[in-house]
Amino acid sequence: MISQLKPALILLVLLTLITGVIYPLVVTGIAQLAFPSQANGSLVLVNGKAVGSQLVGQQFDDPKYFWGRLSATGPFPYNAYYAQTQTGSSGSNYGPLDPALMQEVQARMDALKKADPTNTTPIPVDLVTSSGSGLDPDISVAAALYQVHRVASARSLTDAQVKALVDQHTEGRQFGFLGEPRVNVLELNLALDGYKP
């Protein structure tokens, strides 16, 4: 029995060192050298201070900002960015006929209409439904254009000025054919804050 235990323990220690120490250090080192921004969370910095991540949605509900997708992460929207509430993400798991989903959609529609009562265009679906992870940082171009008039009015800008910012921050399809054009909400809102007509 001892003759079998000794090689098992040696292999345990050896594999623990390889897979638990050496491999993670090598991969981390390569990531830090080759992709330092991504390896450190794709943080968005303003005056040297991290204000968010390009990959994690932030909650905005002030009419002078573009609003992102709803978060399904419970009572703490987008709680993955706030350290005090721990990290996490989740989908809503509501089926298309679930009354809770209908209530969530209707509440968001009411909030959008209240924020911009003169807007009679159809509301894009991504503004009234939760993202799959609850952390989606992007909205569709249609969702951004839907909000242009509200944001422009709240900031005393023209619709054309705000639309030009949306156009500047619209990202095309990945590799030219994957996905749909999209707008990163945090980056657009930061550009709005820094905009000087």
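Just so it is clear, the structure is predicted and the values come from calculations on it, not from any experiment. Positions within a chain are numbered from 1, following the residues in the order the chain's sequence is written. Under the rules for a predicted model, residues below a pLDDT of 70 receive no local features and side-chain atom pairs below 80 are neither given nor counted, while totals for whole chains, interfaces and linings still include all residues. The side-chain values count all of the structure's non-hydrogen atoms but skip hydrogen atoms and water molecules.

Q: Which residues make up the pattern of salt bridges, and what values do they have?
A: The working definition used for a salt bridge is a side-chain nitrogen of Lys or Arg within 4 Å of a carboxyl oxygen of Asp or Glu. Taken as a whole, this structure holds six salt bridges when the rule is applied. Across the salt bridge formed by Arg 182 and Asp 138, the nearest N and O atoms sit 3.7 Å from each other. One end of the pair, Arg 182, is in strand β5 (residues 182-184); the other, Asp 138, is in strand β3 (residues 138-140), and 44 residues separate them in sequence. What makes Arg 182 partly exposed here is its relative accessible area of 22%. Only protein chains enter the accessibility calculation, which uses a 1.4 Å probe; a residue whose area is less than 20% of its type maximum is buried, one above 50% is exposed, and one in between is partly exposed. Classification of Asp 138 by relative accessible area gives buried; the value is 17%. Glu 171 is the salt-bridge partner of Arg 182, the closest N and O atoms lying 3.4 Å from each other. Remark: Glu 171 occurs in strand β4 (residues 170-171) and Arg 182 occurs in strand β5; sequence separation between them is 11 residues. According to the relative accessible area criterion, Glu 171 is partly exposed, its value standing at 30%. When salt bridges with common partners are traced through the structure, they connect Asp 138, Glu 171 and Arg 182 into a single cluster. A run of DSSP states H or I qualifies as a helix once it reaches four residues; a run of E qualifies as a strand once it reaches two. Both are numbered from the N-terminal end.

Q: If you had to explain the sheet that holds β3 to someone new, which residues and values would you point to?
A: The three strands are arranged β3-β5-β4 in an open sheet whose pairing can be described as antiparallel. The two strands at the open ends of the sheet, each matched to only one other strand, are β3 and β4. In this analysis, strands are considered paired if DSSP registers two or more bridges between them. In terms of strand pairing, β4 meets β5 through two bridges, oriented antiparallel. When the bridges of β5 are listed, Glu 171 appears paired with Arg 182. Each of β3, β4 and β5 is contacted by helix α4 (residues 141-155), which is oriented at about 85° to β3, the strand it contacts most. Contact definition: two residues touch when any of their heavy atoms are within 4.5 Å. Working convention: axes come from line fits to C-alpha atoms, limited for helices to the stretch in contact. Angles between N-to-C directions cover 0 to 180 degrees.

Q: Can you explain the packing of aromatic side chains? Please cite residues and give values.
A: Stacked, edge-to-face and tilted are the three classes for Phe, Tyr and Trp ring pairs, Trp counted by its six-membered ring, which pair at centre distances within 6.5 Å; planes under 30 degrees apart are stacked, over 60 edge-to-face, the rest tilted. In total, this model carries one aromatic pair according to the counting rule given. Where Phe 60 meets Tyr 65, the ring centres are 5.3 Å apart and the plane angle is 40°; that geometry is what we call tilted. The ring of Trp 67 is capped by Arg 150, whose NZ or CZ atom sits 4.3 Å from the centre of that ring. Working rule: Lys NZ or Arg CZ, within 6 Å of ring centre, within 35 degrees of ring normal, means a charge sits over the ring. For Arg 155, the ring lying beneath its charged end belongs to Tyr 65, and the centroid distance is 5.0 Å.

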